[in-house]
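Observations on the three-dimensional arrangement
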Amino acid sequence: MSAFSAINDEEQEIDQDTFTPGIEPQATWCPGCGDFGVLKALKQAMPEVGRTPDETMLVTGIGCSGKLNSYFDCYGYHSIHGRSLPIARAAKLANPGLEVIAAGGDGDGYGIGGNHFMHTARENHDITYIVFNNEIFGLTKGQTSPTSPKGHKSKTQPSGSAKDPVRPLTLSLASGASYVARTAAVNPRQAKEVLKEAIEHDGFAHVDFLTQCPTWNKDAKEYVPYTDIQDDDEFDFDITDRREAADAMYEAESRLWEGEVLTGRFYHDTERPSYAEEKRSIGEAPEDSLAERYFDDDAEWGKSVEEIRQHHT
Ligand SMILES: Cc1ncc(C[n+]2csc(CCOP(=O)(O)OP(=O)(O)O)c2C)c(N)n1
Ligand code: SF4
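Each value, and the rule that gives it
- Residues numbered from 1 in each chain as written.
- Chains lettered and ligands numbered in written order.
- Predicted model: local features only at pLDDT ≥ 70, side-chain atom pairs only at ≥ 80, totals over all residues.
- Heavy atoms only, no water.
- Near = heavy atom within 4 Å.
- Polar contact = N/O pair within 3.5 Å; in protein donor to acceptor, adjacent residues only side chain to side chain.
- Areas by Shrake-Rupley, 256 points an atom, 1.4 Å probe, with all protein chains shown as cover.
- Helix = DSSP H or I, 4+ residues; strand = E, 2+ residues; numbered from the N terminus.
- Nonpolar A, V, L, I, M, F, W, Y, C, P; charged D, E, K, R; others polar.
- Expected span 1.5 Å × (residues − 1).
- Buried < 20%, exposed > 50% of the residue type's maximum accessible area, 1.4 Å probe, protein only.
- Pairing = 2+ DSSP bridges.

**Here's the deal with the site of ligand 1**
Near ligand 1 there are 16 residues, and of these Cys64, Ser65, Asp108, Gly138 and Leu139 occur at the shortest range. Here serine 65 contributes a side-chain N or O atom positioned 2.9 Å from an oxygen atom of ligand 1. Burial of ligand 1 by the protein amounts to 72% of the accessible area it has alone, namely 590 Å². Broken down by element, the shell around ligand 1 gets its largest block of residues, 4 residues, from helix α4 (residues 106-112). Tallied by class, the residues present in the shell around ligand 1 amount to 6 nonpolar, 8 polar and 2 charged.

**A word on the site of ligand 2**
Around ligand 2 sit Trp29, Cys30, Cys33, Cys64, Asn134, Gly138, Cys213, Pro214, Thr215 and Trp216, and that is every residue in its neighbourhood. For the shell around ligand 2, the class distribution of residues is 7 nonpolar, 3 polar and no charged.

**Comments concerning helix α9 (residues 242-257)**
Under the 1.5 Å per step criterion, the end-to-end length of α9 is 23 Å for 16 residues, consistent within 8% with the ideal 22 Å. Of the positions making up α9, those classed as buried are Ala245, Ala248, Met249, Ala252, Glu253, Ser254, Arg255 and Leu256. Two or three places before arginine 243, at the opening of α9, aspartate 241 has a side-chain oxygen 2.9 Å from that residue's backbone nitrogen. Taken from the residues just after α9, glycine 259 is the one with a positive phi, measuring 100°.

**Re the pairing of strand β4 (residues 128-133)**
Burial runs high along β4: 6 of the 6 residues are buried. Where burial is concerned, the two faces of β4 agree: the one with Thr128, Ile130 and Phe132 and the one with Tyr129, Val131 and Asn133 are both buried. In this sheet, β4 lies alongside strand β3 (residues 99-105) in parallel orientation, the contact comprising 5 bridges. Bridge pairing links glycine 104 to valine 131 in β4.

These results come straight from atomic positions and should not be treated as a statement about function.
This is the structure:
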């Protein structure tokens, strides 16, 4: 058990059900939605990582993907569109012992939240970021998203998108992420392993999770085949070498647009310190949580209450 656990003071058996909320109704995603695959893989990964719901915080953006928060039982923050990462960063800095996971769609993460994505990777915050990449805006009914392929027709681009899509893996690596992987909802075995590795990684772990939206993105069948997903042994390169990883990512992202899905972990740097570690090494970040510091120290607690009062009067 983590020293930071607030509730869980006894060893408890943890399994998938531990993360299933006891409320009805359960997930309201459309039948066949890839988001079910992410939920399942996450529920399977967490017990193997050994974290309990009270040691975990999930911050989501807005979208069908953002609903993950309602179906996964732990501390949660359903934030605003594209803003899950700043909130996740704050949570992690305030409570370093918390396992912080952020999640959202491709529109949320690579569009409106693109700037936060780039800088969270650059600063290497110790967060796992799961992007449900269905290559469409799902919740708002199928508009073109930053990962929709060139030529893709939608209500917002009826003649076909004239834009090249973003390359999320390449963007992530170039920005500074220390763990980068792509997996797919149709490959639950690999998805669970990737999520486990990402969660256990100390630093910014970006998982581009290919998910299908059978309701609004029927074309996706053409470029996200439901079968023939490759495992990570497809590649023969050093995943700790940035240049080799960059080449492999570029290749995989190009081949995705040609209809061939290559998944797996692409980059894993275990040496680079996280943002908080760097800050701690120069005495600018605490080892313990804000709550521990303020609750255990009457003088500090009184001072912070006074500060809050002054701000609000
Ligand atoms: C600031 C802001 N702009 C626009 C919206 C409308 N909106 C809600 S969800 C969404 C797109 C969601 O797409 P994506 O992030 O890809 O997630 P998905 O629904 O596909 O999981 C948009 C544009 C909003 N809620 N807030
Ligand atoms: S609209 Fe698409 S992304 Fe949203 S729940 Fe339905 S299938 Fe899933």
